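Descriptive analysis of the structure
For reference, the chains in residue letters:
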Amino acid sequence: MPEPIPLPRPWHGASDKPETPAVAALRAQRAEVDALMAFSHAPEGEAKALAWWRLHRQRQARATLLGAEEALRLSPLPSPPEGALGPWQKLRLRLGWFDPARAKPPARLARRLR
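The present account deals with the structure reproduced in this document. (Residues numbered from 1 in each chain as written. Predicted model: local features only at pLDDT ≥ 70, side-chain atom pairs only at ≥ 80, totals over all residues. Heavy atoms only, no water.)

**Side note on the packing of aromatic side chains**
Under the defined criterion, the tally for this structure stands at 1 aromatic pair. Pairing tryptophan 52 with tryptophan 53 gives two aromatic rings, centres 4.9 Å apart and planes at 85°, and the pair type is edge-to-face. Under the relative-accessibility criterion, tryptophan 52 is labelled buried at 2%. We note lysine 48 situated over the ring of phenylalanine 39; from NZ or CZ to the ring centre the distance is 4.6 Å. (Phe/Tyr/Trp six-rings, centres within 6.5 Å; stacked < 30°, edge-to-face > 60°. Buried < 20%, exposed > 50% of the residue type's maximum accessible area, 1.4 Å probe, protein only. Lys NZ or Arg CZ within 6 Å of the ring centre and 35° of its normal.)

In C-alpha cells:
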C-alpha cells in the first residue's frame, strides 16, 4: 500500500499566529458577522434584544482592535429592537444623545448576558 499523501492544511497559517493584530482583527470581524446573523434570525422580543446587545458587544470589541480611523468607517449597527433599551436610553436615542460606545444593557438584560 502506498504511503498516504499528507492533506493540505485547512488554514493558510494565520491560525498559528493568534497574537498578530491582523489575525485578531479577522477573528473579531468573523465574531461580529456571526452575532449579526444571530440578531437577524432571532425571534422578536427579548431574544432579539439580547442578540442586539451581543452584537453591540462584538462591535465594541472589534472597534478596540481597529484604529479610531478604521472604526469610524464601519457600517452602523442596526437600530435596537423594541425592548433592548431602558427608558432613559430610549429618551437619549430620541433626543440624539445616545452614545452607543458607552451604552450598557439595562439591568434586566445584563443579568441574562453574563
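**A short note on the side chain of arginine 59**
On the secondary structure map, arginine 59 appears in helix 2 (residues 46–65). Classification of arginine 59 by relative accessible area gives buried; the value is 11%. Beyond its immediate chain neighbours, meaning those up to four positions away, arginine 59 contacts Glu32, Leu74, Ser75, Pro76 and Leu77. (Helix = DSSP H or I, 4+ residues; strand = E, 2+ residues; numbered from the N terminus. Contact = heavy atoms within 4.5 Å.)

**Some details on a nonpolar patch on the surface**
A cluster of nonpolar side chains, namely Trp88, Leu91, Leu95 and Trp97, defines an oily patch on the protein surface of about 510 Å² accessible area. By the element assignment, tryptophan 88 lies in helix 4 (residues 87–95). (Patch = residues over 30% accessible without salt bridge, like charges linked within 9 Å, V, L, I, M, F, W, Y side chains within 5 Å. Areas by Shrake-Rupley, 256 points an atom, 1.4 Å probe, with all protein chains shown as cover. Salt bridge = Lys/Arg side-chain N within 4 Å of Asp/Glu carboxyl O.)

**Some points on the pattern of salt bridges**
Applying the stated criterion to the full structure yields 6 salt bridges. Of the charged contacts in the structure, one is a salt bridge between glutamate 46 and arginine 112, with a shortest N-O distance of 2.3 Å. Highlighted residues: glutamate 46 in helix 2 and arginine 112 in helix 5 (residues 107–113), separated in sequence by 66 residues. We note a salt bridge from lysine 90 to glutamate 82, for which the minimum N-O separation is 4.0 Å. Residue lysine 90 is classed as partly exposed on the basis of its relative accessible area, which comes to 38%. In this structure, a network of salt bridges that share partners links the residues Glu32, Arg59 and Arg62.

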